Amino acid sequence: MNNEWIQFLQAHPEPVDPASSSAAAWAPLDTRTSLLVSGEDAGEFLQAMLTQEILLLDGTHAARGALCNAKGRISTTVLIHPLRPQGREQGSEQSMTYRLTVPSELAADLLKTLKLYVLRRRVVINSNDDWQSIGVLNPDPAFLADLGIAASASDPLAQSTLPSGVIVTWEHMGDDARLSLQGPSSVLLTLAPHLPQRTSNSAWQCAEINDGIPTITQETALHFVPQWLNLDQLNAVSFKKGCYPGQEIVARLHYLGKSNRRMIKGSIRLTDPVTPRSVIYPANSPETEAGEIVRSANCRVGNENMQVFLAVIRLNHLHDELLIEGQPCTLQPGPFLETAEQRH
């Protein structure tokens, strides 16, 4: 992170009172790192490594995916940005490059792992400390017009590249639009005059949680399988592609079994964030594990601040009274909870 970027953030400190949930606002996405995967075999290499169908990505949309180990446990979640070389037309044989947006705390291990599997493939993997990301919540038409971003392309994970080289990705999965801007810090700094007010960093996290987007941390690496985190529901897992690490186990759970755990959104009245892998217990059986926290953030719910979380819950405990750190929590309505209610 260079000095200019640090000075920019210092000049725009995180506000004490975050912007309202409907106001246009931005936040630095400083928990992210971008890896660049390039070379003639980049697509085939990532096709063999990640859960996503890489070779079908045409550059118009980003895609979610994961890297698993041989036992089907997720090493990290990934947001994949397929990029056409400048001047390349769709259908051209010229190879694409890929940017992988990953959790910063896992980036070094991921880079090391990927390089171990390159072998004789014509692939180069790099990490650039000067590459930064900004998230914009509820972008207004004036902001989009100033940057030359097409509002009509705001469908989930639609992606474009500005003439400056900044990659724009519409990351929302629901109705509340939000986009990320990523590029060299020197280029992002030129966009500063167009940015709306800054909001708290947790505002972006709350938006991701509301959209049901999981993330892996050091505490949860190699702990969850894709279906537990609903990655199959987020189109982050292909069941038609060839082999990748853990593919046999992930496919077996899909075709031959049924996941007995799913990720559910919930909330709890606690002041401090609930750490990943915090255990959730049934109130009537305090020694029985009912679930584990995936991620949480301090969010505004109605007129009060609460910890909103995503947790992997054992489906047979969905209708139990559940406790986190001895305090009752509430699970939010969703497809898995509604299905369980129909069976109940």
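Above this text you will find the structure in question.
Residues numbered from 1 in each chain as written. Predicted model: local features only at pLDDT ≥ 70, side-chain atom pairs only at ≥ 80, totals over all residues. Heavy atoms only, no water.

Caption draft 1: Main features of the nonpolar core. Within the largest apolar cluster, 26 residues are counted, with the highest numbers of intra-cluster contacts made by I74, F224, L229, L231 and V294. For this core, the elements supplying multiple residues, two or more each, are β3 (63-68), α6 (201-210), β14 (291-301) and β15 (304-314). The contact partners of L229, leaving out residues within four places of it in the chain, are I74, P214, I216, F224, M263, V294 and V312. Counting 24 residues, the second-largest nonpolar core is a separate cluster that includes L57, A63, V102 and A107. (Core = buried A, V, L, I, M, F, W, Y, C linked by side-chain atoms within 4.5 Å. Buried < 20%, exposed > 50% of the residue type's maximum accessible area, 1.4 Å probe, protein only. Helix = DSSP H or I, 4+ residues; strand = E, 2+ residues; numbered from the N terminus. Contact = heavy atoms within 4.5 Å.)

Caption draft 2: Examining the side chain of T101 more closely. Within the secondary structure, T101 is located in strand β5 (residues 97-103). You can call T101 buried: its relative accessible area is 7%. In terms of polar contacts, T101 uses its side chain to reach the side chain of H81, at 2.9 Å. Discounting chain neighbours no more than four positions away, the residues touching T101 are R32, T33, T77, V78, L79, H81 and Q182. (Polar contact = N/O pair within 3.5 Å; in protein donor to acceptor, adjacent residues only side chain to side chain.)

Caption draft 3: Quick look at the sheet that holds strand β11 (residues 197-198). Read from one edge to the other, the open sheet built from 6 strands follows the order β8-β9-β10-β7-β1-β11, with strand pairing classed as mixed. Only two strands of the sheet have a single partner each, and these edge strands are β8 (159-161) and β11. (Pairing = 2+ DSSP bridges.)

Caption draft 4: Seen up close, the pairing of strand β7 (residues 131-137). Across the 7 residues of β7, 7 count as buried, placing the element largely inside the fold. Side chains of β7 alternate between two faces, with W131, S133, G135 and L137 and Q132, I134 and V136 buried alike. Across 4 bridges, strand β1 (residues 25-28) lies against β7 in antiparallel orientation. Bridge pairing in β7 places P28 opposite I134. With 7 bridges connecting them, β7 and strand β10 (residues 178-184) associate as antiparallel partners. Paired with I134 across the strands is L181, a residue of β10.

Caption draft 5: Spotlight on empty space enclosed by the protein. Tallying each qualifying case throughout the model produces 3 cavities of 30 Å³ or more. Here the largest cavity defines a volume of roughly 50 Å³. Breaking the lining of the largest cavity down by element, the ones donating at least two residues are β2 (32-38) and β7. For the lining of the largest cavity, the residue count by class is 2 nonpolar, 5 polar and 1 charged. (1 Å grid on protein atoms, 1.4 Å probe; cavity = no way out; pocket = protein on both sides within 12 Å on 5 of 7 lines; lining within 4 Å. Points joined across faces, edges and corners; volume = space filled by probe spheres on them. Nonpolar A, V, L, I, M, F, W, Y, C, P; charged D, E, K, R; others polar.)

Caption draft 6: Structural view of the side chain of H317. Checked against the element boundaries, H317 lands in the loop between β15 and β16 (322-324). There is a polar contact of 2.6 Å between the side chain of H317 and the side chain of D320. Contact partners of H317, with chain neighbours within four places excluded, come to P282, T288, E289, A290 and L322.

Caption draft 7: Representation of the environment of P273 in the model. Mapped onto the elements of the fold, P273 is located in the loop between β12 (261-268) and β13 (279-282). Separated by 35 residues in sequence, P273 and V308 have C-alpha atoms that sit 8.6 Å apart. Not counting residues up to four positions away in its chain, the partners in contact with P273 are S296 and Q307.

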